[in-house]
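The residues making up each chain are set out below.
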Amino acid sequence: MNVLKQYIFNTKINKTSMKLRSFFVAAMLLLSMGSLMAQQMPSIPVDPNVRVGKLSNGLTYYIRHNEYPKNVANFYIAQRVGSINENDDQRGLAHFLEHMAFNGSDHFKGNGIIDFTRTLGVEFGSDLNAYTSIDQTVYRVCDVPTTRVTALDSCLLILKDWSDGLTLDAKEIDKERGVVHQEWQMRSDASMRFFEKYLPTLYPGSKYGYRLPIGLMSIVDNFKPKELRDYYHKWYRPDNQAIIIVGNVNVDHVESEIKKLWAGVTVPANAAKVVDELVPDNNTPIYVSDKDKEQQYSEISVYMKRDPVPDSLKNSIAYLAQNYVKDMMFYMLNSRFSELTQNDSCPFIQADTGDGQYLISKTKDAFQAIVIPKDGKDTAALKAMVIELQRARDYGFTATEYARAKSDLLSGIEKLYTNKDKTENNYFYSVYAANYLDKEPMPSIETQYQLANAIIPRIPLEAVNEMAKELISNSDTNLVVVEQAQEKEGKTYVTVDELKQAVAAARNSSLTAWVDHVKQEPLVAKMPAKGNIVKETENKKLGFKTLYLSNGAKVILKKTDFKNDEVLMQATAKGGSNLFGAADYANLKVFDDVIGYSGIGDFSSTELQKELAGKNANANLNLGNYHATVSGNSTPKDLETMMQMTYLYFTNIKKDEKSYHSLMNNMELALKNKDLRPESVFSDSLRLDRYAHNPRFASLKATDLSKVSYDRILTIAKQLTADASKFTFYFSGNFDEAKLRDYIEQYIASLPADTKAKVNPGKEIMTLTMGNYKDHFSRKMETPKAQLYAFWTSKLSKDNLSDEITVDAAGQVLNMELLRSIREDNSAAYSVGAQGFPQTTLDNKAYYVLFAGCPMDPAKAQLAYDLMMKGVKDASEKVDPADVQKVKEFMLKQADEDARKNGHWLNVLYQYNEFGQDVQTDYKAIVNALTPEKISSFIQKVILSSGNKVEVLMTPVK
Ligand SMILES: [Zn+2]
């Protein structure tokens, strides 16, 4: 479902932000690199392909021509203000203002921005959206078709209106209060409640303690319109704003339009300054622990605070080099944690480290580590995690770990470089936004590649070990430890003193250096005897070749240039979980995970991870309702690794007990407590209600785990992959065809097969609830919220591309109409979603489903319910032609984008090969032929007249 307007508050680890306190490590790097960096701290050249400029009123702009995807452009306006700029009596206004940006402006009255961009095929919620965070607010219109010049100029006008032309009409403000209030309700989960309560403790003496963007509902419900206008005019000014435009645009034209549009905007002489809010150091450690009934599992975070790198030093090569060092250090630390979780005796389920800003403050950074303890092992888990940090600090890393980290980092940069002429618009946006908002450097991809290859191989391990000493502190100064515990009857809770003791005990442990176990042998130990390609055909219309192999397997090849760095593979055979019965339900539900946690060949799961370091290749085995699938992806360079993994999934899945136990522990913890979240109770009920309470489709429960058998799962995997002659392998991507043919003979034509055996497609298992079915229930919640989902289902005899397209369009039209009536006109829900789709069965698609749903304020549940039912009924009689036109624009634009995606082609080739259905050639013609009458009559005749409706409504216990 669309989350319509998001705001960012990420308490988890932020791995992208890279800053450092002192330049000790940098100095060491410079020394070790000798002549490469003879001059001191050379600066990083700016990408020459971006036009950067600043108007005399302070407005900054970044414009870049880019042609991937073709014929679209993205428009952004970034402001370096957010909730931190609010006064105490304005808490929540920065975010409220963001909502109002879609409710009327100089050139777009009412919902004009939403309506206008829809005529361009731009979807509100995904392509048209905004976010408000603590210190930044960014608005965007993305994927705008550039075939119409007027569209570009209109999008610039939208940016201009956002920058200083919002109407902020009192009536519209009143309508939006309910929407924002419901957003707060919807977002009120255990974590949000925790931070609303404890941020003041985590930020003593700082405004950061009181500036969550969602703000105070007492203010949201009651502020006077003038207060919002005052905030707007005070902070939204050209000297706080950057325009970023990336895509298929004429840079000169866009630049001159920006100059014209913003020429008359001035900044008042006495304008308020954006002043950094500081975060004081804490000399005594801060420990916080609390519990919540909806917290699914306990988690403990450790922060070691420090000052960020000053903006003035970020454009140096030393800064870049330090970022590399940190990336590699975190790669190695996190690999150790994941290896440790494989031991039964390990007291935690998961631990992870990273680096970035301390919680929500950009003026303070922190080394961060987070651990999820096994049930009841909170202090032991904290201790074990701190011990590993201490071990890295005291003994550093080993040469083999470091070799993997280096090759992984280099291969990531190489992938970026290989695909550089097909880099997506939003990559460039993120680089320019980081340059404007955080003063991060913005070199070209070529420069990044050259610098990385010059610097990374020369970084000595000692530099990384020094970095560990510097970032991992063993002092109480600036230490922050936070436990969010799960509350449950009969449970005992860890006290702050116990947390303190665990840290102290870890620091006093006597440690030895880490030992890295590595397997030095090829993935496929013994090469199989090659088979061969016995016949081939070509399909010119859809542009693919079919190869028939000596073992009976079939291969379909489509060579594309959509992306330079991508080859996708999918191998499917008929017969999936429908081959197995009730005794295996638990095994079937965990099948994909258990296989994913197993090894292949002679490699355990951990050994495989190590072996794959530095390679961009992967494969896995999945079980669908009616099919077994081996899918893979790789770069052209690492194609053979993907082929070898595929070969091994067919021939030699290795039982890995350690890894399996670790998976079962994780699942048990997650499942045992998942009903604590009302949202998960709701989605479980929904599944049961939709699938006629068939236990086959019920969500996995903790009690199911005792019925899982690893041996049985391996037997099922063997059965599914025993006969390669029943599989068709689809490849789409930028492969070297001669090489791929060679690999196909080596790794696919050599697979065991039984060409005499008959295909066993299994039986029909789909059970959808028919008739009119209602499930309205109440449950206790920490923050009262309500949710409503409804599904209308019709049974059809055979699939048909036209109906498939119509049901999709019907869902999108309904989405617009419900959004208007439920959210915009009646403020009855924060978000609303609707969708139409075919439901797959054994003979492909036998059902069409129309779905609508929304989370809402319990007080407005009845209103939202009535509006939804009325909306669907109205749509079955008549839909707005303008809405239909917008949906068609969107679908046509999407079709052009999909036509250049390898993943899309895997599906096209599959539908064609498996069912003889060409879902590509006529797609756009059918979309063009859609009419409002066709859509409303489809909703009436096909969907509603079938009389099948499932509705599920959850409300809080009063
Ligand atoms: Zn919002």
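Look a little higher up for the structure.
Report follows, based on the coordinates.

About the thresholds
- Residues numbered from 1 in each chain as written.
- Predicted model: local features only at pLDDT ≥ 70, side-chain atom pairs only at ≥ 80, totals over all residues.
- Heavy atoms only, no water.
- Pairing = 2+ DSSP bridges.
- Helix = DSSP H or I, 4+ residues; strand = E, 2+ residues; numbered from the N terminus.
- Axes fitted to C-alpha atoms, helices over the stretch in contact; angles between N-to-C directions.
- Contact = heavy atoms within 4.5 Å.
- Salt bridge = Lys/Arg side-chain N within 4 Å of Asp/Glu carboxyl O.
- Buried < 20%, exposed > 50% of the residue type's maximum accessible area, 1.4 Å probe, protein only.
- Left-handed = near helix turned anticlockwise from the far one by under 90°.
- Nonpolar A, V, L, I, M, F, W, Y, C, P; charged D, E, K, R; others polar.
- Expected span 1.5 Å × (residues − 1).
- Core = buried A, V, L, I, M, F, W, Y, C linked by side-chain atoms within 4.5 Å.

### Here's the deal with the sheet that holds strand 18 (residues 627-634)
Hydrogen bonds between backbone atoms are what pair the strands of a sheet, whose relative direction is either parallel or antiparallel.
Here is step 1: Pairing in this open sheet of seven strands is mixed, and the strands run 12-13-14-20-15-18-17 from one edge to the other. Every interior strand has two partners, whereas the edge strands, strand 12 (533-539) and strand 17 (617-623), have only one. Between one strand and the next, the sheet's axes are offset by a mean angle of 15 degrees, whatever the strand orientation.
Here is step 2: With six bridges connecting them, strand 12 and strand 13 (residues 544-549) associate as antiparallel partners. For Glu-538, the partnering residue across the bridge sits in strand 13 and is Lys-545.
Here is step 3: Contacts from helix 19 (residues 639-651) reach strand 15 (567-574), strand 17, strand 18 and strand 20 (728-733), with the element oriented near 30 degrees to strand 17.

### Notes on the pattern of salt bridges
Here is step 1: Evaluation of the coordinates by the stated rule reveals 61 salt bridges.
Here is step 2: One salt bridge connects Lys-901 with Asp-898, and the closest N-O pair in it is separated by 3.9 Å.
Here is step 3: Relative accessible area serves as the criterion here: at 38%, Lys-901 is assigned to the partly exposed category.

### Overview of the packing of helix 11 (residues 378-395) against helix 16 (residues 496-507)
The description of two helices packed together rests on the angle between their axes and the distance between the axes.
Here is step 1: At a minimum axis separation of 8 Å, helix 11 and helix 16 run at an interaxial angle of 35 degrees. Between helix 11 and helix 16 lies a crossing of right-handed hand. Where helix 11 abuts helix 16, its residues Thr-379, Leu-382, Lys-383, Val-386, Ile-387 and Gln-390 lie against Glu-498, Leu-499, Ala-502, Val-503, Ala-505, Ala-506 and Arg-507.
Here is step 2: The class makeup of the residues in the contact of helix 11 with helix 16 is eight nonpolar, two polar and three charged.

### Some details on helix 11
Here is step 1: Here helix 11 is 18 residues long and its end C-alpha atoms lie 26 Å apart, about the 26 Å a rise of 1.5 Å per residue gives.
Here is step 2: A large share of helix 11 lies buried, amounting to 13 of its 18 residues.
Here is step 3: Residue Gly-396 follows helix 11 closely and has a positive phi angle near 70 degrees.

### Some remarks on the nonpolar core
Here is step 1: The biggest cluster of nonpolar side chains holds 115 residues, and the ones touching the most others in it are Phe-75, Trp-162 and Ile-258.
Here is step 2: At eleven residues, the largest contribution of residues to this core is made by helix 24 (residues 801-825).
Here is step 3: Residues within four places of Phe-75 in sequence aside, it is in contact with Tyr-139, Arg-140, Val-141, Val-144, Leu-152, Cys-155, Leu-156, Leu-159, Ile-244 and Ile-245.

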